[in-house]
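Spelled out from the first residue to the last, the chains are:
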Amino acid sequence: MLDDPNIDVSKTLQVDLRLNGSIGDDGGNITEIDFANADIGYGISGTQEEILFASRPELCVAILFADTMRHNESIIMTGARKVCKLQGYGTNVKYDENSLIPFKFGKDCISQSVIAIDALPFDDELDEQLQENNLKREFTKAYAGFSSGSYTAIATGHWGCGAFGGDKELKSVIQFIAASLAESNKLIYYCFGDEKFYADYNKFLLLLSDFKIGIKLLWKMILELGQHKIDKQKGIFELLSARISDNSL
């Protein structure tokens, strides 16, 4: 897909990096990414998807109609109203009793969408995640979600990096490339209070801008990382930054 000569792979999109807050805080017509299972729905583990479905119970209707997602599919759900906020994650999730949201139906509800995309499960091994078939699968899945419509802004974060064991830095770059290729207007990326990730990602995005690195070259560099033995003491941002700064590029 990135090799298609008819696609502009030089430009990148605007990223609004948020240290604090969570997906859904903006409301309005901001589209939210559901860090989904292949079979979407709710449960008792307190994952991001389960929290999302609990705060927007009308999403549960989708469980009756949605099949298991294929690798190139996403599910778009529109019009589900948010009725409350939940605090915490995993077994620490709790209902915020002061956050009851008036139940209403209007233009904002109709226009707001939730996009479900499921990540591959990993055992935290970066070598496995950098295998070309896995990289292409995760890119295809992210692109299926980001390209599913014309959205004012899309809110996302550490997709597939909790229970699924994905690498935060790698997943953020994959989403950045997929959203850029999909010509998304704006990507709101929540760091969930992770100060180091916030600082490192911001620095990496500035480097991409300074060196005018397009998504085609960035994707090529990621694929090349998987073809060589990497220093596991370094993160994806550091490894890619070293390649970008290399005069051989």
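Refer to the structure presented above.
Residues numbered from 1 in each chain as written. Predicted model: local features only at pLDDT ≥ 70, side-chain atom pairs only at ≥ 80, totals over all residues. Heavy atoms only, no water.

(A) Representation of the overall build of the chain in the model. The helix and strand tally for the chain stands at eight helices and eight strands. Sorting the 249 residues of the chain into buried and exposed places 49% on the buried side. Across the chain, the fraction of contacts at a sequence separation of at least 24, relative to all contacts at a separation of at least 6, is 74%. Of the roughly 12,800 Å² of accessible surface on the chain, a fraction of 49% belongs to carbon and sulfur atoms. (Helix = DSSP H or I, 4+ residues; strand = E, 2+ residues; numbered from the N terminus. Buried < 20%, exposed > 50% of the residue type's maximum accessible area, 1.4 Å probe, protein only. Contact = heavy atoms within 4.5 Å. Areas by Shrake-Rupley, 256 points an atom, 1.4 Å probe, with all protein chains shown as cover.)

(B) Representation of the packing of aromatic side chains in the model. For the structure on display, the rule yields nine aromatic pairs. Sitting over the ring of Trp159, Lys171 keeps its end group 5.6 Å from the ring centre. (Phe/Tyr/Trp six-rings, centres within 6.5 Å; stacked < 30°, edge-to-face > 60°. Lys NZ or Arg CZ within 6 Å of the ring centre and 35° of its normal.)

(C) Fine view of the side chain of Gln129. Following the sequence through the fold, Gln129 ends up in helix H3 (residues 126-129). Judged by relative accessible area, which is 3%, Gln129 ranks as buried. Residue contacts for Gln129: discarding those within four places in its chain leaves Phe122, Asp124, Asn134, Leu135, Gly165, Gly166, Asp167, Leu170 and Lys171.

(D) Helix H1 (residues 48-55), seen in detail. A large share of H1 lies buried, amounting to seven of its eight residues. Taken together, the buried positions of H1 are Gln48, Glu49, Glu50, Ile51, Leu52, Phe53 and Ser55. Buried residues belonging to H1 abut strand E2 (31-36), strand E3 (75-78), strand E4 (86-87) and strand E6 (113-118).

(E) Fine view of the pairing of E3. What you see with E3 is a clean split: Ile75 and Met77 sit on the buried side and Ile76 and Thr78 on the side with no burial. Two elements, E3 and E6, share four bridges in a ladder whose sense is antiparallel. Bridge pairing in E6 links Ile75 to Ala116. (Pairing = 2+ DSSP bridges.)

(F) Main features of the sheet that holds E6. One open sheet accounts for six strands, arranged E1-E8-E7-E2-E6-E3; its pairing is mixed. Edge strands, defined here as strands with exactly one partner in the open sheet, are strand E1 (14-18) and E3. On average, each strand axis in the sheet is inclined to that of its neighbour by 25°, with strand direction left out of account. The pairing of E2 with strand E7 (residues 154-156) spans two bridges and is classified as parallel. Within E7, the residue paired with Glu32 across the bridge is Ala155. Strands E1, E7 and strand E8 (186-190) of the sheet are contacted by helix H5 (residues 168-181), whose axis makes an angle of about 165° with E8. (Axes fitted to C-alpha atoms, helices over the stretch in contact; angles between N-to-C directions.)

(G) Spotlight on the packing of helix H6 (residues 195-210) against helix H8 (residues 236-245). Where H6 meets H8, the axes come as close as 11 Å, and the angle between the chain directions of the two elements is 20°. With respect to each other, H6 and H8 are oriented roughly parallel. Handedness of the crossing formed by H6 with H8: left-handed. Note on element contacts: H8 touches H6 through Phe237, Leu240, Ser241, Ile244 and Ser245, opposite Phe197, Asp200, Tyr201, Phe204, Leu207 and Leu208. (Parallel < 35°, antiparallel > 145°, perpendicular 65-115°, else oblique. Left-handed = near helix turned anticlockwise from the far one by under 90°.)

(H) Inspection of the environment of Ala54 at higher detail. For Ala54, the location among the structural elements is in helix H1. On the accessibility criterion, Ala54 (41% relative accessible area) is partly exposed. For the pair Ala54 and Lys85, spaced 31 residues apart in the sequence, the C-alpha separation amounts to 8.9 Å. When residues no more than four places from it in sequence are discounted, the contact partners of Ala54 are Cys84 and Leu86.

(I) Broad picture of the pairing of E8. When you tally the buried positions in E8, you get four out of five residues, the bulk of the element. Two elements, E1 and E8, share five bridges in a ladder whose sense is parallel. In the sheet register, Asp16 faces E8, and the bridge partner there is Ile188. Bridge analysis of E7 against E8 gives three bridges, and the strand direction is parallel. Across the sheet, the residue bridging to Thr156 is Tyr189, located in E8. Following the backbone out of E7, through H5 and into the adjacent parallel E8, one traces a crossover that is right-handed. (Right-handed = clockwise from strand over helix to strand, strands pointing away.)

It is worth stressing that arrangement in space is one thing and function is another; only the former is reported here.
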